[in-house]
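Inside the fold
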Amino acid sequence: MDDNTCPICGFKKIEKQGMPKNDTTLITCPVCGEYVITYEAQHYEDVKDKIRENGWALSGLIRYSTDRGLERIVVRTDNIDDLLHNAIIPNADDIERKARYLQNEIRRRTHYFGESVSLNYSTNSSLAFARKGREFEALLNLLEESGIVEVGEQTLGGGFSIKLTAKGYSIDESDVLSHQVFIANWFAEEQEEVIKAVEEAVRNCGYEPMCIKDKKYPDTIMEKALGEIRKSKFVIINLTGMRPAVVYEAGFAGGIGKEFFYVQHESEKEDNKKKSFYTGHYQIQYYKDLDQLKEIVISTITARFPH
Ligand SMILES: [Zn+2]
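The structure displayed is predicted, hence computed values, not measured ones.

What follows concerns the confidence of the model for the chain. Mean pLDDT for the chain: 89, with 95% of residues reaching 70 or above. Taking the mean pLDDT of every element in the chain, the minimum, 74, falls on helix α7 (residues 173–176) and the maximum, 96, on strand β10 (residues 234–238).

Structure below.
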């Protein structure tokens, strides 16, 4: 394989950087974004076949994560199937969902109504999870036919100038990202297993969990959290520890009309009574261990938010 070719999308001019101590490579690709891939994943025929078949899905997933500053994706032989089943990835033929992704990406790049943005068929197809430049072009045409964008002249370098109509400008991101579920949880080391259990349960239900675990930038973290709550389909609130940030997030979610449900460790039940903690007409579901927590999350999602 050409040394400067992206192993996922085949783009020719990428940056590669070997990671010391292990057999992995950090790749910066104009189409996919930034990811790490192991030596095995680049050379095993089985994995190469999967990438040949589903490179568009992986490329779109990596782009999505890179653009949003989510955890960097590592492509390995033992996680390739999980990556390809990520809830963010639309079905290959779900052109409606792909078109909504594209509309949302154009909106993310538009700072004011009337502004034109330039997208390139060869490097921006991953934004719409398009298989090829041709599919990207077809999705853009679909948006134009639906009265969502106006496509202008071709710009230098193979880009097209695209402008959102009033209808396209007022997109509801929570509708686009209907796979995202926000988890409000006290962030501390002792809670890591708890968060992992909830994330796993959410994934089992076909949704993608969003939990902000970053302990840096304390001033902007709440702002980021509130933005992600806004975009999520619903919110899971773990009241364990009764942290002010979590209670605040719960109030915010309720205030903007976002649906949510409460869970809390059983050991805090009596304490809630003493403090007469007010949860409105929402019941708190108490769990005694991680297995029970997963059960509660899965049964509540299945009953209230079937996919
Ligand atoms: Zn690539």
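Attention now moves to the pairing of strand β8 (residues 180–184). With respect to burial, β8 is a largely interior element, five of its five residues being buried. Residues Gln-180, Phe-182 and Ala-184 of β8 are buried on one face, and the alternating residues Val-181 and Ile-183, pointing to the opposite face, are buried as well. Two elements, β8 and strand β9 (residues 208–210), share three bridges in a ladder whose sense is parallel. Across the sheet, residue Phe-182 finds its bridge partner in β9, namely Met-210.

Before going further, it helps to examine the pattern of salt bridges. All chains considered together, the criterion is met by 20 salt bridges. In this structure, Asp-46 and Lys-50 form a salt bridge, with 4.0 Å as the shortest nitrogen-oxygen distance. Of this pair, Asp-46 and Lys-50 both sit in helix α2 (residues 45–67), separated by four residues, roughly a single helical turn. Here Glu-105 ties to Arg-108 by a salt bridge, and the two come within 3.4 Å at their closest N and O atoms. On the criterion of helical spacing, the pair formed by Glu-105 and Arg-108 is a turn pair, its members being three residues apart in helix α4 (residues 95–109). A relative accessible area of 3% places Glu-105 in the buried class. Salt bridges sharing common partners tie together Arg-63, Asp-67, Arg-68, Glu-105, Arg-108 and Arg-109.

Conventions and cut-offs
Residues numbered from 1 in each chain as written. Predicted model: local features only at pLDDT ≥ 70, side-chain atom pairs only at ≥ 80, totals over all residues. Heavy atoms only, no water. pLDDT = per-residue confidence, 0-100. Helix = DSSP H or I, 4+ residues; strand = E, 2+ residues; numbered from the N terminus. Buried < 20%, exposed > 50% of the residue type's maximum accessible area, 1.4 Å probe, protein only. Pairing = 2+ DSSP bridges. Salt bridge = Lys/Arg side-chain N within 4 Å of Asp/Glu carboxyl O.

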